[in-house]
Amino acid sequence: MPDHLTAPLVVEFPFTRSLGPVQSAFLTGLRERTVLGVRTHDGRVLVPPVEYDPDTADELRGLVEVGTTGTVTTWAWNPAPRRGQPLGTPFAWVLVRLDGADTALLHALDAPGPEAVHTGLRVRVRWAERRTGAITDIACFEPHDSTTRTQTRPHDGAFVDPVTGITTPARLDYTYTPGRAQTRHLHALARRRTVGERCPACHKVCVPPRGACPTCGVATTDRVEVGPRGTVTTFCVVNIKARGLPIDVPYVYAHIALDGADLALHGRIAGIPCNEVRMGLRVEPVWTDDGPYPDHYRPTGEPDAPYDTYKGML
Amino acid sequence: MAALSPAPAPAPVPVAVVAFAQSDHRRATPGTSEAELLLPVLRDVLDQAGLAPGEADFTCSGSSDYLAGRPFSFTLTLDAVGAWPPVAESHVEMDGAWALYEAWVKLLTGEADTALVYAHGTSSAGSLRDVLSRQLDPYYAAPLWPDSVALAALQAQALIDAGDTDEDDLARIAARNRTVARANPHAQLRAAGPHGDYVVRPLRTADCPPVSDGAAAVVLAAGDTARRMHERPAWIRGIDHRVEPHALGVRDLTDSPSTRRAAERAGAYDAPLDLAELHAPFTSQEVVLRKALRLADDVRVNPSGGALAANPVMATGLIRLGEAAARIHRGEARRALAHATSGPCLQHNLVAVLEGDSA
């Protein structure tokens, strides 16, 4: 077995945000092929618009419609598009100052190659076919010969069926590494043995070990096999079924101090009615055929452990 | 009736960096947990200061759960601290330089005489360029997944367009940082390599920082405690941090007014500097910072190799403070500037001025 374990870890989250009046108007406008900015009290037009002036913190509400053509203010050629980016073929990242705006918008520019892109290039919006009220309603920009048009038109920001929120799905892929101590623990678990590690300072045995004594802040040293039997130190009765968990409620979830361990670990208690589980109950692990850790713990039938034997682990 | 004037505040007790330790920064540390990565670093820094685990009056750390995808990962690092009996502890979801700032404030209040500050980053666990895109504005920027190199490249092109730099100049910056890193045993890249292909044009491989796993820690101490812990404490004469708007399109990417403001308030322009440790992950960002800080030609910049030699995200800024302090500890500098940054294109900047006692 490898001396350290790793496992793929995928984190996905739908980033869900409500929109204020300015962002709602801007994103709804994109759905309707209209680009809105907001005018600051000193007359500048910010695109994309924000609700508060980044310089003065003034509340900004005066919307204006700006052009769908503009000028590249800086660019960067992306030869290898990454997941989620606006285009699947090489493209230029651009900041574009739309005609009538005083600030620039970040987006992608579809161009045949870096030689076709330069600061000052005139571009126009290419709209996405399916638009939902999101920054991606602009599919990208494309080169477009046109003269600068600086007029803006006041806009009341009112649209039928305005977008009031966005959901941005995000996915990040990781490699999870439990570390040396937990790897040793997991290797032992694969042989159905529970191995903790002893703190050289306080001599307590940490299970599961994470490499350091959480009390003393020093590296744990000696490996110590604990259990398999243990004592319920405290418990709760779970009455709400977790999605995707094939366990009927109610069930008991407990802290279990394995014999020889100085930290309690978590486990489910079965083989006994919920209302008979108690502090001090003696339990032993029940393994299923291919489980990486005990499926649950069941009573051993021994007399209950005296309170003094586990009170330090509550 | 005349307004009561407040009593004059007592002069704050001076605060110094008295110890600094860091790991050897590597492309990946697949065998170590957070606590295992930090333990040797914390042991080293506490030994230097003569403190036992849990003995510092205040503990503050910086890290980001996004780097390794582990919720509340900073709580796991407390295993390495000796947090029982309960310690006074805090955490910032930022670079450890900002944890140091919080600890500095804590010491100024007089409620603590010593503070342990640490940071770790295991950037190798995920795809760092994509992970960093999640710090962007969720309405207008994050849905486009602009990665960290892309945003730095937009800044680099703006600098080239403005005549502030060119690709050859950037190549020289890359080579100089990696060459001087040869003297830094903790650095990951310790020799100048080829400039390389474009990652996102105009930035090439050598213009970008390595992906690094690593950790760092410092001990701060106040007044006489600092003098007891080190014969040459690195006194924090000033420290300040300033942030710019999150929207890239409203900023002048060729300048860093937040760095300049922080430097003014930290006293960086009040007297000549011996050296500057700049947190510039991309070569082009060193150009921006040198300009904003108006560094004189005789100021040694990044003798450690900087973020281009090792970039354990969330610890890189704290390492700049530690490296600058260590030069003062060793008597190699008397007045040093340390800078840390956060966010895309140098959005948020911290500047500290460290001084040794006059000879």
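Residues numbered from 1 in each chain as written. Chains lettered and ligands numbered in written order. Predicted model: local features only at pLDDT ≥ 70, side-chain atom pairs only at ≥ 80, totals over all residues.

Undergrad: How would you sum up the overall build of chain B? Please name residues and give values.
TA: Broken down by element type, chain B carries twelve helices and twelve strands. Along the three orthogonal principal directions, the C-alpha set of chain B runs to about 55 × 55 × 50 Å. Expressed as a percentage of its 359 residues, the buried residues of chain B come to 63%. Looking at chain B alone, contacts between residues at least 24 apart form 79% of all its contacts between residues at least 6 apart. (Helix = DSSP H or I, 4+ residues; strand = E, 2+ residues; numbered from the N terminus. Buried ≥ 20, exposed ≤ 12 C-beta atoms within 10 Å, placed from the backbone. Contact = placed C-beta atoms within 7 Å.)

Undergrad: I'd like to hear about the sheet that holds strand S4 (residues 63-66) of chain A, residue by residue, with values.
TA: Within a sheet, adjacent strands bond to each other through the backbone by hydrogen bonds, running parallel or antiparallel. Residue and element names in this part refer to chain A. One open sheet holds the four strands; their spatial order is S3-S2-S4-S10, and the pairing between them is antiparallel. A strand with exactly one partner marks an edge of an open sheet, and here the two such strands are strand S3 (45-46) and strand S10 (153-154). Summarising the sheet, S4 and S10 pair through two bridges and their orientation is antiparallel. By the bridge assignment, Glu65 is partnered in S10 with Arg153. (Pairing = 2+ DSSP bridges.)

Undergrad: Requested: an account of the domain arrangement of chain B, with residues and values cited.
TA: All names here are of chain B. Here the domain parsing of chain B yields domain 1 (15-126 + 213-228) and domain 2 (129-208 + 236-355). With centres defined by C-alpha atoms, the gap from domain 1 to domain 2 works out at 22 Å. Opposite the 34 residues of domain 1 that make contact, domain 2 presents 25 residues. Contributing elements (two or more residues each) for the side of domain 1 that touches domain 2: strand S1 (15-22), helix H2 (65-68), helix H4 (96-108), strand S4 (114-122) and strand S7 (213-222). Looking at the side of domain 1 that touches domain 2 element by element, the count peaks at six residues for H4. For the side of domain 1 that touches domain 2, the class distribution of residues is 17 nonpolar, twelve polar and five charged. (Domains from an automatic or database assignment. Nonpolar A, V, L, I, M, F, W, Y, C, P; charged D, E, K, R; others polar.)

Undergrad: Can you lay out the domain arrangement of chain A for me, pointing to particular residues and giving the numbers?
TA: Split by domain assignment, chain A resolves into domain 1 (9-171) and domain 2 (180-313). Its C-alpha centre places domain 1 of chain A at a distance of 54 Å from the equivalent point of domain 2 of chain A.

Undergrad: Could you give me a rundown of unusual backbone geometry, with the residues and numbers involved?
TA: Along the chain, Gly227(A) connects to Pro228(A) via a cis peptide bond; the corresponding omega equals 5°. Along the chain, Pro228(A) falls in the loop between strand S14 (223-226) and strand S15 (230-238). A cis amide bond, omega 0°, links Trp84(B) with the succeeding residue Pro85(B). Examined against the element boundaries, Pro85(B) turns out to sit in the loop between helix H3 (73-77) and strand S3 (89-92). Look at Ala57(A): it is not a glycine, yet its phi comes out positive at around 70°. Considering the arrangement of structural elements, one finds Ala57(A) in the loop between S3 and S4. You can call Ala57(A) exposed: it has 8 C-beta atoms within 10 Å. The phi torsion at Phe72(B) lies on the positive side, around 55°, for a residue other than glycine. Take Phe72(B): it is sitting in the loop between H2 and H3. Residue class for Phe72(B) comes out exposed when judged on the 8 C-beta atoms lying within 10 Å of it.

Undergrad: Please provide a residue-by-residue account of the sheet that holds S7(B), values included.
TA: All names here are of chain B. Judged by pairing direction, the sheet is mixed, and its ten strands sit side by side in the order S3-S2-S4-S7-S1-S8-S12-S11-S9-S10 without closing on themselves. Sheet topology places S3 and strand S10 (300-301) at the edges, where each strand pairs with a single neighbour. Relative to strand S11 (residues 335-342), strand S9 (residues 275-277) runs parallel, the two being bridged by three bridges. Considered in S11, the bridge of Ala276 is made with Leu337.

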